[in-house]
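# Understanding the architecture of this molecule
Here are the chains, one letter per residue:
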Amino acid sequence: MKKITIYTGPFCNYCDAAKRLLVRNNISFQEINIALEEGKMEEMLEKTNGKRTIPQIFFDEEHIGGYDETRALERENKLLEKLNN
């Protein structure tokens, strides 16, 4: 299974929803809070080509997008397939 990384921030309902989505699918993930960890916002911006919204989700080094894109994969029953390919 691929390594999941989710960049989050404080008071972010979409971040909370994305984490709940991953948990309900029994998917382990590494959370990086860009407000608490120095340099992580710049890291996220570089990896996402300047996308500033949170959450930003990665499967290994593949940028998936935010909550909406991850939820769409779940609705289409493609989430677990994408994690295992």
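Structure first, text after, so check above.
Quick look at the structure, then. (Residues numbered from 1 in each chain as written. Predicted model: local features only at pLDDT ≥ 70, side-chain atom pairs only at ≥ 80, totals over all residues. Heavy atoms only, no water.)

## Some points on the state of the cysteines
- Applying the stated criterion across every chain, the model contains 1 disulfide.
- Each sulfur in the disulfide pair Cys-12 and Cys-15 lies 2.4 Å from the other. Judged by the sign of its S-S torsion, about 80 degrees, the bond between Cys-12 and Cys-15 is right-handed. (Disulfide = S-S within 2.5 Å.)

## Observations concerning the packing of aromatic side chains
- Tallying each qualifying case throughout the model produces 2 aromatic pairs.
- With a centroid separation of 5.9 Å and 75 degrees between ring planes, the pair formed by Tyr-7 and Phe-58 is classed as edge-to-face. Of this pair, Tyr-7 sits in strand S1 (residues 4-8) while Phe-58 sits in strand S3 (residues 56-59), and the two are 51 residues apart along the sequence. Residue Tyr-7 shares its accessibility class with Phe-58, and that shared class is buried. (Phe/Tyr/Trp six-rings, centres within 6.5 Å; stacked < 30°, edge-to-face > 60°. Helix = DSSP H or I, 4+ residues; strand = E, 2+ residues; numbered from the N terminus. Buried < 20%, exposed > 50% of the residue type's maximum accessible area, 1.4 Å probe, protein only.)

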